[in-house]
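# Close look at the chain arrangement
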Amino acid sequence: MRKQKRQKFSEIKAGLDDAESLIRKMDLEARSLQPNVKAVLLAKLREYKSDLNNLKSEHKRLASANSNQAARDDLLESGMADAMSVSANQRGRLMMSTERLNESSDRIKESRRTMLETEELGVSILQDLHQQRQSLLHANDTNK
């Protein structure tokens, strides 16, 4: 039973570390976007960071309580169902947060793709205008 708890805590810790890594990547990605999109995404990221920090604190609290023999005895007395429901609840919240992070990451990628397409279109338009200007200047010089 203790081995299972340690394994679950390790899995949760790995999930928290993965979520933190994703948040850092999204933060870097968001900072490279246009100011109007950037502000919205950074606000969402602050929310995600706060959620993640709360989950990390909860995990740390439970992990330290779990290492204490008295806390183990209390958990055993109150029943393993409580410990399992706490773990399942935390896992559910972590999975929900991870899903929100993934959705935000997808939105950031889509915004970046749109931005690059728009930039490419702008460059194309500028090139066409330059070519038309050159044609007009050449036609003007020919008429003189």
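Rules behind the numbers
Residues numbered from 1 in each chain as written. Predicted model: local features only at pLDDT ≥ 70, side-chain atom pairs only at ≥ 80, totals over all residues. Heavy atoms only, no water. Patch = residues over 30% accessible without salt bridge, like charges linked within 9 Å, V, L, I, M, F, W, Y side chains within 5 Å. Areas by Shrake-Rupley, 256 points an atom, 1.4 Å probe, with all protein chains shown as cover. Salt bridge = Lys/Arg side-chain N within 4 Å of Asp/Glu carboxyl O. Helix = DSSP H or I, 4+ residues; strand = E, 2+ residues; numbered from the N terminus. Buried < 20%, exposed > 50% of the residue type's maximum accessible area, 1.4 Å probe, protein only. pLDDT = per-residue confidence, 0-100.

## Comments concerning a nonpolar patch on the surface
- A cluster of nonpolar side chains, namely Leu-121, Ile-125, Leu-126 and Leu-129, defines an oily patch on the protein surface of about 400 Å² accessible area.
- Structurally, the position occupied by Leu-126 is in helix H4 (residues 80-143).
- The class of Leu-126 is exposed, set by a relative accessible area of 57%.

## Quick notes on the confidence of the model for the protein chain
- Of all residues in the protein chain, 83% attain a pLDDT of 70 or more, and the chain-wide mean is 83.
- Element-level pLDDT for the protein chain is lowest in helix H3 (residues 69-78), with a mean of 56, against a maximum mean of 87 in H4.

## A closer look at the pattern of salt bridges
- Throughout the structure, instances matching the rule amount to 13 salt bridges.
- Salt-bridge contacts for Arg-24 lead to Glu-20; the nearest nitrogen and oxygen are separated by 3.9 Å. Of the two residues, Arg-24 and Glu-20 are both situated in helix H1 (residues 2-31); the distance of 4 residues between them amounts to about one turn of the helix.
- A relative accessible area of 26% places Glu-20 in the partly exposed class.

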